[in-house]
Amino acid sequence: MVKFLKAGKVVVILQGRYAGKKAVIVRNHDEGTKDRPYGYAVVAGVERYPLKVTRSMGKKKVAKRSKVKPFIKVVNYNHMMPTRYTLELEQIKGTISSETFKEPSQREDAKKTIKKLFEERHNSGKNKWFFSKLRF
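Each residue is numbered by its place in its chain's sequence as written, counting from 1. Only residues with pLDDT of at least 70 get local features here, since the model is predicted, and only at 80 or more are side-chain atom pairs given and counted; chain-wide, interface and lining totals rely on the full set of residues. Side-chain numbers here rest on the full set of heavy atoms in the structure, without hydrogens or water.

Draft legend 1. Looking closely at helix 3 (residues 104-124). Helix numbering and strand numbering both begin at the N terminus, where a helix is a DSSP run of H or I of at least 4 residues and a strand a DSSP run of E of at least 2. A helix's residues, less one, multiplied by 1.5 Å, set its expected span. Spanning 21 residues, helix 3 covers 30 Å between terminal C-alpha atoms, matching the ideal 30 Å at 1.5 Å per step. Only protein chains enter the area calculation, which uses a 1.4 Å probe; residues under 20% of their type maximum are buried, those over 50% are exposed, and those in between are partly exposed. By the burial criterion, the buried members of helix 3 are Ala110, Ile114, Leu117, Phe118, Glu119 and Arg121. Structurally, helix 3 contributes buried residues whose contacts are with strand 2 (22-29), strand 3 (40-48), strand 4 (69-76) and helix 2 (90-95). Just downstream of helix 3, Gly125 is the residue with a positive phi angle, here 90°. Contacts are residue-level and defined by heavy atoms, with any inter-residue pair within 4.5 Å sufficient.

Draft legend 2. Molecular detail of the pattern of salt bridges. Counted as salt bridges are all cases of a side-chain nitrogen of Lys or Arg within 4 Å of a carboxyl oxygen of Asp or Glu. Using the criterion set out here, one finds three salt bridges in the structure. The residue Lys69 makes a salt bridge to Glu47 at a minimum N-O spacing of 3.6 Å. Of this pair, Lys69 sits in strand 4 while Glu47 sits in strand 3, and the two are 22 residues apart along the sequence. Residue Lys69 is classed as partly exposed on the basis of its relative accessible area, which comes to 34%. Its relative accessible area of 18% is what places Glu47 among the buried residues.

Draft legend 3. The arrangement of the nonpolar core in detail. Working definition of a nonpolar core: buried Ala, Val, Leu, Ile, Met, Phe, Trp, Tyr and Cys residues. They are joined through side-chain atoms within 4.5 Å. Core analysis: the biggest nonpolar cluster contains 19 residues, and Ala44, Val46, Ile92, Ile96, Ile114, Phe118 and Phe130 have the highest contact counts within it. Among the secondary structure elements, those contributing two or more residues to this core are strand 2, strand 3 and helix 3. Here this core gets four residues from one element, more than from any other, and that element is helix 3. Leave out the neighbours within four places in its chain, and Phe118 touches Val24, Ala44, Gly45, Val46, Val68, Pro70, Ile92, Phe130 and Phe131. Core analysis: the second largest hydrophobic core is formed by 12 residues, Leu5, Ala23, Val43 and Phe71 among them.

Just geometry here; none of it tells us what the structure is for.
This is the structure we're talking about:
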């Protein structure tokens, strides 16, 4: 079978708190591990999407509406649906490691760096689809 759930692939989370939210695979484990005996991936996604911005809005309002709230999570392969989109994630890969999930403070630091990267990418106009809400 071809392994198509690779790092950088954009997926839609199907189950749980972040159901219907878009995320990008940071690290994948096809065979699982001893404590997680199933195929899973570490994902970084968008919990709260940026709002629409118009030309008549001031700088302060644009800055407020362009904020992104990220999440990081370990997700079973059965609970995510792959899309045709990919994302370059050289910087994101360095911020999330297996130790990130052991300590809450490390998790918060990782979220802050991902937030900065996502907002930077959104403001530059790249990956427009990733930062738009799913309509269903």
